[in-house]
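Letter by letter, the chains look like this.
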2 protein chains.
Amino acid sequence: MSKASTRRSAPSWVTALTLAGPHGGDILSSERRNSNLDIDGLARLLLTEHGIQLQQRLLNVLENDPAFDKSGNYFDSRIERFKTSVSRAKRLHQLQQLHNWSEDELATAIELIGEPTAFSLHWKGFLPTLREQGTPEQHELFLRKAENMEIIGCYAQTELGHGSNVHSLETTATWKPSDRTFTLHSPSLTAAKWWVGTLGFCANYAIVMARLILKGKDYGPHPFLCQIRDLTTHTPLPGVYVGDIGPKVGYNTVDNGFLLLNHVKVPHINMLARFEADELATRHKAADVCFLRRFSRVDPDRDTYVPPHSPAVIYGTITKLRAALVSESARNLARGLTIAIRYCAVRRQGTDPDSKDEGAERQVLDHSLVQIRLFPRLAESLALAFTGQAMMKLHLEAKAALQIVRSGSGDESSMARRAKELFSEAHATSCGLKALATTAAVEGLEACRRACGGHGYSSFAGIGSIHADYMPSQTYEGDNYVLMQQTANYLLKTASSVVKGNGPSKATAENLARYLEKKHEQVRFDLAQGEDLVAAFGWRAAYLTFEILYRREDDGKTPNDLQVDYSLLSTAHSEFFVVSSMHQKLSSTDTISKINVETLSVTWDLFRLYALTRVVQAAHEFYKSAALDVRQVVAAERELLPGLLKSIRPHAVRLVDAWKLPDWLLDSSLGRYDGKVYEDLLYRASELNPLNRLVIDTRPDRGSEDADSIASRQSSRLVKL
Amino acid sequence: MSKASTRRSAPSWVTALTLAGPHGGDILSSERRNSNLDIDGLARLLLTEHGIQLQQRLLNVLENDPAFDKSGNYFDSRIERFKTSVSRAKRLHQLQQLHNWSEDELATAIELIGEPTAFSLHWKGFLPTLREQGTPEQHELFLRKAENMEIIGCYAQTELGHGSNVHSLETTATWKPSDRTFTLHSPSLTAAKWWVGTLGFCANYAIVMARLILKGKDYGPHPFLCQIRDLTTHTPLPGVYVGDIGPKVGYNTVDNGFLLLNHVKVPHINMLARFEADELATRHKAADVCFLRRFSRVDPDRDTYVPPHSPAVIYGTITKLRAALVSESARNLARGLTIAIRYCAVRRQGTDPDSKDEGAERQVLDHSLVQIRLFPRLAESLALAFTGQAMMKLHLEAKAALQIVRSGSGDESSMARRAKELFSEAHATSCGLKALATTAAVEGLEACRRACGGHGYSSFAGIGSIHADYMPSQTYEGDNYVLMQQTANYLLKTASSVVKGNGPSKATAENLARYLEKKHEQVRFDLAQGEDLVAAFGWRAAYLTFEILYRREDDGKTPNDLQVDYSLLSTAHSEFFVVSSMHQKLSSTDTISKINVETLSVTWDLFRLYALTRVVQAAHEFYKSAALDVRQVVAAERELLPGLLKSIRPHAVRLVDAWKLPDWLLDSSLGRYDGKVYEDLLYRASELNPLNRLVIDTRPDRGSEDADSIASRQSSRLVKL
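Because the structure is a prediction, the values reported are computed rather than measured. (Residues numbered from 1 in each chain as written. Chains lettered and ligands numbered in written order. Predicted model: local features only at pLDDT ≥ 70, side-chain atom pairs only at ≥ 80, totals over all residues. Heavy atoms only, no water.)

J.: Help me understand the overall build of chain A in this model?
T.: Of regular secondary structure, chain A possesses 23 helices and 11 strands. Counting the 721 residues in chain A, one finds 63% classified as buried. (Helix = DSSP H or I, 4+ residues; strand = E, 2+ residues; numbered from the N terminus. Buried < 20%, exposed > 50% of the residue type's maximum accessible area, 1.4 Å probe, protein only.)

J.: Would you explain the sheet that holds strand E4 (residues 193-196) of chain B in this entry?
T.: Adjacent strands of a sheet form backbone hydrogen bonds with each other and so pair up, either parallel or antiparallel. All names here are of chain B. Judged by pairing direction, the sheet is antiparallel, and its 3 strands sit side by side in the order E4-E8-E7 without closing on themselves. Here the strands that pair on one side only, and so sit at the sheet edges, are E4 and strand E7 (240-244). The average undirected angle you get between the axes of adjacent strands in this sheet is 15°. Bridging between E4 and strand E8 (residues 257-261) involves 2 bridges; their strand directions are antiparallel. Each bridged residue has a counterpart across the sheet, and for Lys193 the counterpart in E8 is Leu259. (Pairing = 2+ DSSP bridges. Axes fitted to C-alpha atoms, helices over the stretch in contact; angles between N-to-C directions.)

J.: Whenever I open this one, the interface of chain A and chain B confuses me. Can you help?
T.: Frequently, the measure chosen for interface size is the accessible area that the parts lose on association. Facing 145 residues of chain A, the contacting portion of chain B comprises 145 residues. Interface area for chain A against chain B, summed over the two sides, is near 12200 Å², with a carbon-plus-sulfur share of 60%. At the boundary of chain A with chain B, the tally comes to 6 salt bridges. When the shortest N-O distance is used, the salt bridge between Lys624 of chain B and Glu637 of chain A registers 3.2 Å. For the pair chain A and chain B, the interface holds 59 residue pairs in polar contact (both at pLDDT 80 or more). Among the elements that line the side of chain A that touches chain B, the one with the most residues is helix H4 (residues 78-99) of chain A, at 9 residues. Considering only residue class, the side of chain A that touches chain B consists of 62 nonpolar, 50 polar and 33 charged. (Contact = heavy atoms within 4.5 Å. Buried area = accessible area lost by both parts, 1.4 Å probe. Salt bridge = Lys/Arg side-chain N within 4 Å of Asp/Glu carboxyl O. Polar contact = N/O pair within 3.5 Å; in protein donor to acceptor, adjacent residues only side chain to side chain. Nonpolar A, V, L, I, M, F, W, Y, C, P; charged D, E, K, R; others polar.)

J.: Looking at this model, I keep getting lost on the confidence of the model for chain A. Mind explaining?
T.: Low pLDDT marks regions whose predicted coordinates should not be analysed in detail. Here chain A shows a mean pLDDT of 90. Residues at 70 or above account for 90%. In the predicted assembly, ipTM is 0.93 and pTM is 0.94. (pLDDT = per-residue confidence, 0-100.)

J.: Explain helix H12 (residues 480-499) of chain A to me, please; I cannot follow it from the model alone.
T.: Along an α-helix, a turn takes 3.6 residues, which lines up residues three or four apart on a common side. Residues and elements named next belong to chain A. In this model H12 runs 29 Å from its N-terminal to its C-terminal C-alpha over 20 residues, within 8% of the 28 Å that 1.5 Å per residue would give. The element H12 is extensively covered by neighbouring structure, given that 15 of its 20 residues are classed as buried. Where H12 starts, the residue carrying a side-chain oxygen 2.9 Å from the main-chain nitrogen of Tyr481 turns out to be Asp479. Positive phi shows up at Gly501, right after H12, with a value of about 90°. (Expected span 1.5 Å × (residues − 1).)

J.: Just checking my understanding: could you explain the pairing of strand E9 (residues 264-267) of chain A for this structure?
T.: Note on strand geometry: in a regular strand, side chains alternate between the two faces of the sheet. Residues and elements named next belong to chain A. Residues Val264 and Val266 of E9 are buried on one face, while the alternating residues Lys265 and Pro267, pointing to the opposite face, are not. Summarising the sheet, strand E3 (residues 181-185) and E9 pair through 4 bridges and their orientation is antiparallel. Paired with Thr183 across the strands is Lys265, a residue of E9.

J.: Would you take a moment to explain the pattern of salt bridges for this structure?
T.: Once the charged atoms of two side chains with opposite charge are near each other, the side chains can pair. Applying the stated criterion across every chain, the model contains 80 salt bridges over all chains. One salt bridge in this structure joins Arg551 of chain A and Asp565 of chain A, with 3.0 Å as the shortest N-O distance. Here Asp565 of chain A lies in helix H15 (residues 563-587) and Arg551 of chain A lies in helix H14 (residues 530-553), a separation of 14 residues in the sequence. Accessibility classification places Arg551 of chain A together with Asp565 of chain A in one group, the buried group. For Arg649 of chain B, the salt bridge is made with Asp366 of chain B, and the minimal N-O distance between the two is 2.7 Å. Of this pair, Arg649 of chain B sits in the loop between helix H19 (630-648) and helix H20 (652-657) while Asp366 of chain B sits in the loop between helix H8 (311-346) and helix H9 (368-407), and the two are 283 residues apart along the sequence. Bridged by salt links that share partners, the residues Asp667, Arg672, Asp674, Asp680 and Arg684 of chain A form one connected network.

J.: Before we go on, may I ask you to explain the domain arrangement of chain A in this structure?
T.: Its domain assignment divides chain A into domain 1 (124-309), domain 2 (316-350 + 361-657) and domain 3 (689-721). On a C-alpha basis, the centres of domain 2 of chain A and domain 3 of chain A stand 56 Å from each other. (Domains from an automatic or database assignment.)

J.: Any chance you could explain the UniProt feature "domain: Acyl-CoA oxidase C-terminal" (unreviewed entry) in chain A here in plain terms?
T.: According to UniProt, the feature "domain: Acyl-CoA oxidase C-terminal" (unreviewed entry) maps to residues 531-693 of chain A in the numbering used here. Helix and strand shares over residues 531-693 of chain A are 75% and 0% respectively, and the end C-alpha atoms of the span are 61 Å apart. (UniProt positions renumbered as here; feature names shortened; annotations may be inferred.)

J.: Help me understand the UniProt feature "binding site: FAD" (unreviewed entry) in chain A, please; the structure alone is not making it clear to me.
T.: Residue and element names in this part refer to chain A. The positions that UniProt labels "binding site: FAD" (unreviewed entry) are, in the present scheme, Thr158 and Gly197. Taken together, the annotated residues stretch across 40 residues yet fold into one region, lying no more than 10.6 Å apart by C-alpha. In this structure, Thr158 sits in the loop between strand E1 (153-156) and strand E2 (172-176). Those residues in contact with Thr158 that lie beyond four places of it in its chain are Gly163, Ala192, Lys193, Trp194, Trp195 and Val196. The topology assignment puts Gly197 in the loop between strand E4 (193-196) and strand E5 (205-214).

J.: Looking at this structure, how should I read the relation of the copies chain A and chain B?
T.: There are two copies of the chain, and a rotation about an axis plus a shift along that axis relates them. Each copy of the sequence occupies a distinct position, and chain A is placed on chain B by a rotation of 180° and an axial shift of 0.0 Å, giving an RMSD of 0.0 Å. A rotation of that kind, with that shift, is consistent with a two-fold axis. Minimal C-alpha distance to the rotation axis in chain A is attained by Ser77 of chain A, lying at 2.3 Å. Comparing interface residues between copies, 100% of those in chain A also lie at the interface in chain B; the contact surface is shared. (Least-squares fit on C-alpha atoms with pLDDT ≥ 70 in both.)

J.: Which parts of the structure should I look at to understand the environment of Tyr515 of chain A?
T.: All names here are of chain A. Secondary-structure assignment places Tyr515 in helix H13 (residues 507-518). When its relative accessible area of 8% is taken as the criterion, Tyr515 is described as buried. It is 23 Å that separates the C-alpha atoms of Tyr515 and Arg418, two residues lying 97 residues apart in sequence. Ignoring anything within four residues of it in the chain, the contact list for Tyr515 reads Trp539, Ala542, Tyr543 and Phe546.

J.: Teacher, can you tell me more about the pairing of strand E3 (residues 181-185) of chain B here?
T.: Residues and elements named next belong to chain B. Of all 5 residues making up E3, 5 are buried, and the element is well covered by its neighbours. As judged from the 5 bridges shared by strand E2 (residues 172-176) and E3, these two strands associate in the antiparallel manner. Opposite Lys176, over in E3, you have Thr181 as the bridge partner.

J.: Just checking my understanding: could you explain the nonpolar core for this structure?
T.: In summary, soluble globular proteins display a tendency toward joint burial of nonpolar side chains. Within the largest apolar cluster, 396 residues are counted, with the highest numbers of intra-cluster contacts made by Leu374 of chain A together with Leu374 of chain B. Setting aside residues up to four positions removed in sequence, Leu374 of chain B forms contacts with Leu337, Ala340, Ile341, Cys344, Leu365, Cys448 and Ala451 of chain B. (Core = buried A, V, L, I, M, F, W, Y, C linked by side-chain atoms within 4.5 Å.)

J.: I tried to follow the packing of helix H12 (residues 480-499) of chain B against helix H15 (residues 563-587) of chain B on my own but got confused; where do I start?
T.: When two helices pack together, you describe them by how their axes are tilted relative to each other and by the distance separating the axes. Residue and element names in this part refer to chain B. Interhelical geometry of H12 versus H15 gives an angle of 80° and a closest axis separation of 8 Å. Relative to H15, H12 is oriented roughly perpendicular. Contact residues: H12 offers Met484, Gln485, Thr487, Ala488, Asn489, Leu491 and Leu492, while H15 offers Gln563, Tyr566, Ser567, Leu569, Ser570, Thr571 and His573. Class assignment for the residues of the contact of H12 with H15 results in 6 nonpolar, 8 polar and no charged. (Parallel < 35°, antiparallel > 145°, perpendicular 65-115°, else oblique.)

J.: Would you mind going over unusual backbone geometry with me for this structure?
T.: What you tend to see is this: most non-glycine residues have negative phi, and most peptide bonds are trans. All names here are of chain B. The phi dihedral of Glu477 is positive, around 55°, even though this residue is not glycine. Positive phi outside glycine occurs at Ala626, with the angle close to 60°. Tracing the backbone shows Ala626 in the loop between helix H18 (619-624) and H19. Residue classification places Ala626 among the exposed residues on the basis of a relative accessible area of 51%.

J.: I tried to follow the environment of Leu445 of chain A on my own but got confused; where do I start?
T.: Position of Leu445 of chain A among the secondary structure elements: in helix H10 (residues 412-451). Contacts of Leu445 of chain A, omitting those with residues within four sequence positions, involve Asn332, Leu333, Gly336, Ile463, Ile466 and His467 of chain A.

J.: I tried to follow the sheet that holds strand E7 (residues 240-244) of chain A on my own but got confused; where do I start?
T.: Across the sheet, 3 strands lie side by side as E4-E8-E7 (chain A); this open sheet has antiparallel pairing. Bordering the open sheet on either side are E4 and E7 of chain A, each of which pairs with just one other strand. Averaged over all neighbouring strand pairs, the angle between strand axes comes to 15°, with direction disregarded. Packing of helix H22 (residues 677-688) of chain B onto the sheet brings it into contact with E4, E7 and strand E8 (257-261) of chain A, and relative to E8 of chain A it is tilted by some 105°.

J.: Could you clarify how one ought to interpret a negative patch on the surface in this entry?
T.: A contiguous patch of negative charge on the surface is contributed by Glu553, Asp554 and Asp555 of chain A together with Glu639 of chain B. Within the secondary structure, Glu553 of chain A sits in helix H14. (Patch = residues over 30% accessible without salt bridge, like charges linked within 9 Å, V, L, I, M, F, W, Y side chains within 5 Å. Areas by Shrake-Rupley, 256 points an atom, 1.4 Å probe, with all protein chains shown as cover. Lys, Arg positive; Asp, Glu negative; His and termini not counted. Charge placed at Lys NZ, Arg CZ, Asp CG, Glu CD.)

J.: Before we go on, may I ask you to explain the state of the cysteines in this structure?
T.: Disulfides are covalent bonds that connect the sulfur atoms of two cysteines. Residues and elements named next belong to chain B. Scanning the entire structure with this criterion turns up 0 disulfides over all chains. For the unlinked cysteine Cys448, the closest cysteine sulfur is that of Cys452, found at 7.2 Å. On the accessibility criterion, Cys448 (0% relative accessible area) is buried. (Disulfide = S-S within 2.5 Å.)

This is the structure in C-alpha cells:
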C-alpha cells in the first residue's frame, strides 16, 4: 500500500502558520554552539570508530530501501505490522546475501530498523544452536539450508507452564530402537511450547527441547530438530498444532508462537549431538536458566546415553550474549535520552513562581526536577556502555584461558582451575549486570517518556514503542530476578572461600578479602574523590555479602528467606562493577589520548553524578556498612549533586548527539536533530493519521445499522460500522 | 462483525489434553479455604455497601449486552477499537436514558467496561463545564441539547505548545462591539488545541479556552462555546481544521484531537458567563494548573469586562475530582493485584536450591521476592482506598464551611477565614495525594505485570492495557510534578505562618507546630506501634518542611534550586496523610463494628507493611530528621517486614477477592476467579487470535509480488501482502 496516496493535505491558512516562540532548530543550534564538547571523540569511546562507520554504511543501504519505509509503523494494526515485518525480514536476507553481511552487520542493521524482526529467532536462536550443537553431518543436512533460509527455524524451549526452571520441562522425546527414531510428544496442556519467537507463523522447523527418555529412564531436556510445517504449502504437518500466541504489550512484529506435538517421530540424526571429548572436562552443576545446551548423544547401536562434557563452553556463549545485552541496553536507553533531552531543550514551560518577569517561559531542560530525572540516566547510559566493554573483556579473558588449557601448554590442573574461576566470575558478573542494565534501560526509557510530559504519551514521541519492545529483555536470556539470585550465590560461595583463607584470584574475591582485612578499622570515604567513590561501592558490596553469609550460616535463614537480600546484594555488586568500569575507562591513557580535556572533565562529572545518585538512593546500605554517615550524604544531596547538574546542563544536547543515533532510527517527532517538534507532530497527526479518513455516525439516536442514512449524509467518506 | 464465526477449533487430541499439575481452580479453592477473612465486611469498608450493589446491578445490564462484547479488544486495530468505542458510547447513552442513570452510575458503568470511552470528555468535561459556568440562558440554549446528545462537545484547553502553564495559552477571542461577536483565532502553529478528548472525531461543539481581547487589552483565558462541525454532515465548518492527534501508548479508544481556528466568529452568548455576585468574595491567586475556570463576562452594552468572583468554588470542584482520582487509583491498582496474586498462586516455579526434594515446584506466591513486590502494593491499595475516603471528607468539610458563610449565619469574617483555610488545606492535600496515588497505581500496575513473569507480557494478562490506559492520569487533572510543587508551596507558607506564631487550625499546621515544640527533644518512635509509625511520618514531613524553609529563606535558594526537595516534601506530606487516614479508619468504632477480629488483625498487618516499606525506602529522610536510627530500620528489614509477609501470605487471595472485581472487568487469562489460566491462554491464542488465519509467503526468495505463486500453494487462506 502506498502511504503517500492516503495522505490528506492541510489548508493553506494552516500551512502558513508559524511558531509563536523561537524555532526548535535555532534552540538546538544555540545549545550546540554553547558547548565545545568533542562529540566525535566521545562517540569513538562509546561506539568505537568501526561501530560508527558500520552504522553509517548500513544506514545508507537501509534508509532509502522502500521495504523499510517507516511511515506506517505507528498506525498499522498488528496484522499489518507483522506482514510488513515479514517483508522486511525477507529483504534483510536478500541484502545480507547481496552485501555479504556478517552476523554483526546483520545485527546492526536490525537495530537500525528499530523493531524486532520476524526472522530474529531464526538468526539469533536457530542458526547459532545448529552451529554450536550440530555435528558436521547435521551441519551438512540442516545448517546449509538454514543459512540460505531454505528452511526457517526457531528455538522451542519455554513451555506454557514452565519458564525459568528448565529442569521441569514436560515435552518428551522417547527413543525407539526398532526404527531408530525419537517420538516427540506434549503430554499435557502445560507442555505446550510457548513464547517461541518465529514459531507462530514463520518457522517450518523447530529445535525442540524435550526430555530424552531412553529405556524408561529420563535424562532431562535435550535439543531435537523437528519439522513442523510443509516446506511448500506451509501447512502444519500431522500431529503438529502450532500458531501465534496473540498480541503482547510490545514485540508485535514477531510471531511468538505455541506448539503442541502429538507423537511426532523424528530420525536419530535429528538429535543435536556435537560431541567434543577433547575439551576441558570440568563438571559444573549448570544452574543456568536460559539456554540449556548439552553436548551429548544417544548411541543408536548400543541404545545408550553418552553424557555431556564441558558445560564451561556453554557458559561462555551465554556470558557473551549477556555482555552484548549490557551494551545494547546502553544504546536503547540512549534512544530515549536523545529524544527527551532534545525535546526538553526545545519545549518551554513554566516561569519562576517567585519571579516578577512575565517574559518568555523557561526551557524545560532548565528545571532542576527535570535534570535530576534525565542527567543521572544520561550518566548511566555512558556508564553502561563502558561496562559492556569491560564485561566483554572479562569474557574474552576467560575464553583465552580456556584456549590455553585446551592447547595443553602450561600446568594443566592449575590452568584448568584458573580457567574455571574466570568462567565463574565472568558468568556470575554477567548475570547481575544483565539484570541491572536491562532494568536500567526499561525504567530509564519510561522516565524519558514521562520527562516529555503529555507529548511523551503520543506514539510519535517514539519512546513508548521502544519501551514496550524492550520490556521482555528483563525476562529473556534469563529472568532478571532469577539471575540476581545466581550472582548472589556466587558471591556467597566466594565469600565462604575467602573466609576459609583461599587466596583471592579474581576481582570479586580480592574486594571481599580487602574488606575482611579492614572491617574493624574506621573507614573514611570522601565522596568528592573518584577512587573513594569506587572504594565505597566495593565496601558496601562486601559488607552485604558477609552480612548475608552470616545470616544464612549463623541465623539459619533459608535462601527463600533471603531472596530479597540476594537481589539487593546482586545490585550492589553490579553497581560496584559499573562504577569501577567507568572509573577505569576514564583513567586509561587510551581514553585520555582520545578526547580533549574539557570533554574528559564533563565525562568525569557524569561518573560522579551516576555514583552519587546511586549513593543517595541506597544511602541506607552505605550507612549500615559504616561506609558513610548521614552528614556526608546530606552534603552530597545539597551541594555535590546540584553542582553536577548545573555543570552538565550546557553539554546535555551535545552529549546525546555523541550517541550518534540517526533520526531514521529514532523515528520521533520530539527527538528530531533539527528540533522541528511541533511541525512534525502536526504533520503526522493531520496528514498521515488514517483515523482522520474515517467517517462513522456518532449520533446516539442512530444505531450502527443505519449505514444508509450516514451514506446519504456523506457518501464519499463512508465506512460501515 | 460476529466474533464467533471467525474462530478456529483445536483438533480433538488437543482438547483432550489436561494439565500436568494441580488445576488452578483447586489451588484457588484451597487458598480461599485456608483463610477465614471476612471478604464481605472488608469489601464494605473499601467500597461501601451501596458501591458493591451498584456494581452488581450495572454488571447485570452490561455483561450480556452485545455492544460490550470484549472478545475483540486485544486483537482489533486502533481504527476498529475506536469504532467499537463509539458504538459503546452510543449504547451507554441509550442505557443511561433507559435506566435513568445518575452521573455516578454512568461513571461506574464506564469503569466496568474497562476502557476509556469515546464520549468521556463530553460527559466529564463538556457537560460539567456547561453546567457550572453557563448562565440559565446558556443552559437553555446548549445544556439541554448536550444532555440529550443532540450536540456532542469537548473541553479544548491544552495547546500544542502549552500544557500545565495555562496562563501562556495563545488562542484569542477578540470582542467586536459592532456585531457583538467574539472572533476565535489560532495565531500560530503552537496555538493548536491538542490532546483534547472527544474532539478528534466525535465532537461538533468545543468549549475553547481563549484569551479574551477587549479594546486591545488581554484579559487572559476564558471559555467560549464554538461549533466546529456541521450537525448533519459532521464535516468541519469553514475556518476549522480539526482531527485526531494519532495513536498513543494507550487511551486509543478515545479520539484526542487537535483544533486550529481561522477567525471563527461566535455570538456574545457563547462566552460562558455564569456570575454569582452573592458568593464568598475572597480572591485567590489561582495557581491551579488543570482547569482554569472563571466566572466572568463581557458587558456587551458597555464593552467592559466584569471580573470573576469566588475562585474558591472552583477549587472545590477540582479538589473533589482529585479526591475521586485517589479512590480510582486504588481500584485500578487492585485490578493489577487481583490478576497478579491469583496468577502467582496458580503458577508454580522453582524449587528451593538447597533442598534435596525433587518434588513439585513451589507456588510463585511463596517466593519472598515476589511477596515483597506484591504485598506492599496490596497494602497500598487499601491505604489509598481509605485515603480517598478521608480526602473526600476533607473536601466536604470545606464545602460545608463555605455554605455556612454563604448562608450568612455566624461571624462573617472569622467563618470566611476558616472556609478559606479549609479550602487551601483540602486543595493542597488533594494535589499531593493525586500525584502520589496515580503514580502508585501506574507503577504498581507495572510491578504486577512483571510479577506475572513472561505471561504478564501477553495482552491476555490484562495488565498491559490498564497500565497503558492509566498512564495519562499522571498528567491529566494537573501534571504530578507540577502538583507536588503546589503542595510544597502550601506547606512552606503554612510553616512560615506557624513560625510567626499564628495559631494552627488545620492538621498540617498542627503537625508543624507539634514538631517545632519538640524538635530539640530526643524523640523515640517504636516501629512496632501504630501510633508511633504515624507520628514518625508526621515528624519526617515537618522536619523536611522546615529544613527547606530555612534553606530557601536563609541560604537564598530559589524555587528552581529546590524543585527536587519540593517533590520529596510533597511525597512525605502525602504519605503522612495516607498512614494517618488508614490508621484512623482502622481505629474507628465503625470499622471495628463492621469486620471481625481476624480480618481487622490482617488489615492492621497491611497498615504496618505499607508504613514500614515506605520507612525503609525513605530511610535516609527518617535518619536525617533524627526520627529513627539505622539499627531500628535494620531491625524492621530483618524481622518486622519478613514477619508481616509471612502473616499476610495465607490471606492474599481472599484479600484481592475483597476488591470484588468481576472477571468481566478484568478480562484476563491470568486473573480468572476460577484459576483456569492455562486453558484460557491457549483458547484465546489458538482459537480467537486472528493472526492465525493469515497466510503470507515467508520464503525470502519469493518477493512480495508473487501473490500468484502463494495462491497456487494455498488458495483458501491467501492474504495479499
